[in-house]
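# Residue-level structure breakdown
Below, each chain spelled out in residue letters.
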Amino acid sequence: MEAPSTSSIEPKTPRIQPPLNLHTPHNPSPRTIYSDRFIPSRSSSNFALFNITNNPSSNSSDDSTSAYNSLLKAALFGPEFGGTFSPLTPEKSYLYGKIGGSSSNNGVMQSTPTNCNIFKYKTETRKSLHSLTPFGFDYQLPGVSHSPVNTRRKVPRSPYKVLDAPALQDDFYLNLVDWSSHNVLAVGLSHCVYLWHASSSKVVKLCDLGIDDTVCSVGWAQRGTHLAVGTGNGKLQIWDASRCKKVRTMEGHRLRVGALAWSSSMLSSGSRDKSILQRDIRAQEDFVTKLCGHKSEVCGLKWSYDNRELASGGNDNRLFVWNQHSTQPVLKYCEHTAAVKAIAWSPHLHGLLASGGGTADRCIRFWNTTTNSHLSCMDTGSQVCNLAWSKNVNELVSTHGYSQNQIIVWRYPTMSKLATLTGHTYRVLYLAISPDGQTIVTGAGDETLRFWNVFPSAKSQNTESEIGASSLGRTQIR
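Here the residue index of a chain counts from 1 through its sequence in written order. Thresholds applied to this predicted model are a pLDDT of at least 70 for local features of residues and 80 or more for the giving and counting of side-chain atom pairs; totals over whole chains, interfaces and linings are not thresholded and use all residues. For side-chain calculations, the full set of non-hydrogen atoms in the structure is used, while hydrogens and water are omitted.

### Comments concerning the sheet that holds strand S22 (residues 363–368)
Note on sheets: strands pair through backbone hydrogen bonds, and any given pair is parallel or antiparallel. Strand pairing is assigned whenever DSSP identifies at least 2 bridges connecting the two strands. Each helix is a run of H or I in the DSSP string that is no shorter than four residues. Each strand is a run of E no shorter than two, and both are numbered from the N terminus. Read from one edge of the open sheet, four strands run S20-S21-S22-S23, paired in antiparallel fashion. Of all strands in the sheet, those with a lone pairing partner are strand S20 (340–345) and strand S23 (373–379), marking the two edges. If you compare each strand with its neighbour and ignore which way they point, the axes differ by 20° on average. Looking at chain direction, S22 and S23 are connected through six bridges and run antiparallel. Pairing of Trp367 across the sheet is with His374, part of S23. In this analysis, axes come from line fits to C-alpha atoms, helices being fitted only over the stretch in contact, and the angle between any two N-to-C directions falls in the range 0 to 180 degrees.

### Structural notes on the sheet that holds strand S15 (residues 289–292)
If you trace the four strands from one edge of the open sheet to the other, you get S12-S13-S14-S15, paired in antiparallel fashion. Looking at the sheet topology across the chains shown, the edges are occupied by strand S12 (257–263) and S15. Between one strand axis and the next, the sheet turns through 20° on average, direction left out of account. One ladder, built from four bridges, connects strand S14 (residues 275–280) with S15; its direction is antiparallel. Paired with Ser275 across the two strands is Cys292, which belongs to S15.

### A word on the side chain of His294
By the element assignment, His294 lies in the loop between S15 and strand S16 (298–303). In the analysis that follows, any N or O atom pair within 3.5 Å is treated as a polar contact, provided that within protein one partner can donate a hydrogen and the other can accept it, and provided that, for residues neighboring in sequence, both atoms belong to side chains. A polar contact is formed between the side chain of His294 and the side chain of Ser312, at a distance of 2.8 Å. There is a polar contact of 3.2 Å between the side chain of His294 and the side chain of Asp316. Contacts: residue pairs with any heavy atoms within 4.5 Å of one another. For His294, the residues in contact, after removing those within four places along its chain, are Lys274, Ile276, Ser312, Gly313, Gly314, Asp316, Arg318 and Phe320.

### With respect to the UniProt feature "repeat: WD" (unreviewed entry) in the protein chain
UniProt positions are given in the numbering used here, feature names are shortened, and annotations may be inferred rather than shown by experiment. When the UniProt feature table is mapped to this numbering, "repeat: WD" (unreviewed entry) covers residues 208–249, 291–332 and 421–454. The distance from the first to the last C-alpha atom of residues 421–454 is 10 Å, and the span holds 0% helix and 56% strand.

### Topic: the pairing of strand S5 (residues 184–189)
Taken residue by residue, a regular strand's side chains alternate between the two faces of the sheet. To sort residues, take the accessible area from a 1.4 Å probe on protein chains only and compare it with the maximum for the residue type: under 20% means buried, over 50% means exposed, and anything in between is partly exposed. Counting buried residues in S5 gives six out of six residues, a clear majority hidden from the surface. Residues Val184, Ala186 and Gly188 of S5 are buried on one face, and the alternating residues Leu185, Val187 and Leu189, pointing to the opposite face, are buried as well. In this sheet, S5 lies alongside strand S4 (residues 177–179) in antiparallel orientation, the contact comprising three bridges. Bridge assignment links Trp179 to a residue of S5, and that residue is Leu185. Where S4 folds back onto S5 in an antiparallel hairpin, the turn is made up of four residues, including Asn183, whose phi is positive at roughly 70°.

### A short note on the side chain of Gln278
Here Gln278 shows up in strand S14. Polar side-chain contacts of Gln278 include one of 2.3 Å to the side chain of Ser268. Residues within four places of Gln278 in sequence aside, it is in contact with Met266, Leu267, Ser268, Phe287, Val288, Thr289, Leu291, Trp303 and Leu310.

### Regarding the environment of Gly232
Tracing the chain through its elements places Gly232 in the loop between strand S9 (226–231) and strand S10 (236–240). On the basis of relative accessible area, Gly232 is assigned to the partly exposed category, the value being 26%. With residues near it in sequence (within four places) discarded, Gly232 still touches Asp213, Thr214, Cys216, Leu255 and Arg256.

### Some points on the pattern of salt bridges
Salt bridge criterion: a side-chain nitrogen from Lys or Arg within 4 Å of a carboxyl oxygen from Asp or Glu. Under the definition given, this model contains nine salt bridges. For Glu297, the salt bridge identified is with Arg256, shortest N-O distance 3.0 Å. Of this pair, Glu297 sits in the loop between S15 and S16 while Arg256 sits in the loop between strand S11 (245–250) and S12, and the two are 41 residues apart along the sequence. The exposure class of Glu297 is buried, given its relative accessible area of 6%. For Asp379, the salt bridge is made with Arg362, and the minimal N-O distance between the two is 3.9 Å. Of the two residues, Asp379 sits in strand S23 while Arg362 sits in the loop between strand S21 (352–357) and S22, which places them 17 residues apart along the sequence. Judged by relative accessible area, which is 34%, Arg362 ranks as partly exposed.

Below, the structure written as structure tokens:
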């Protein structure tokens, strides 16, 4: 390509021409022509300037260099120049296409690289983001393998650890597994509660309620030091996990306590007696407020991340939202056609609430509690038992019962499936997420707890969790 003259890029200034003398012969001198823009010359472009071999030698020992040159040539000049022929101007391409016989030797096209035009103008078409990089074309060059820049994140299809959990109940309305911020897993088995320390795999028996009572729910306080235990007799116990000592017992319910939710020092408990009790563990009273509204057992409770709203689900197919001071629900959603146990608030968008219905419903629904609107609905094809959002990425996981007993990782808001995990032979009734947000544990009536790496870390989407790097294998939780 010819270099522009230095005058063509000088600032444009007015110039006064002297008057022409009609009595003397005029010898015209070269005039400098100014223009408003620079247009590159399209003639005599030299392809060799780019130090790219036009016809790689057949006896070259460096195949990687040849492949790189072809790839670079295609990246710069388009896919049609990724082979062994030099780029042609539109005019030459037309001539060769029309008069191939006059420029061929025994049917083989001949081209000269000394006078070919490197750049050509063509109509731009809308390309994907992958095509903006030299390694992101939609075609495959010979001898070169490549993949798109944004590859689909791979989720391991098998659990990295399995724990035997004898007597883990197959009851849809109970909540028997929770993971603390101190990386300790609490599991209710029959009339006992066990603590499994994820960092050391150490198992500690926290309490034994006796043969006349059963554990119906467990829930860690946000600080991870105290554990609430709901019992079949309608009582609520608070335990100091570090000392394995019971702090107090709180009453108020007439029937089993199957749902728990902490909000700082406030603890909400839902029962088969259809009520929700708001408790302040600092106060002497067993409860400070009683919430009434459900017509059947309360099986799901979750506080929002700002601790301003409490969502409750019941066996009456209702989803209610309460504020900090209300005794009646401020929002009522009746679209589900089965029990609502699965409830999850989004940590990424204020007021975004997800809920899942039972066997007769099978749907995950999304709500905006700020505008009181129903956003979307996804039919999963099976009973929705639990929901949990990732705190690192805008994804969520659901666990299911009848009829497939699967675990599904979803990308929100498209609700595209990132992975479907199987392995449990009973309904996946229990779900908890690790404090780093990367690992989930699931429990089922097949008396196993399975640990899965499903979410990326906050820093890197490909970094495995510290918990996931622990030893593989199958052990017993008690």
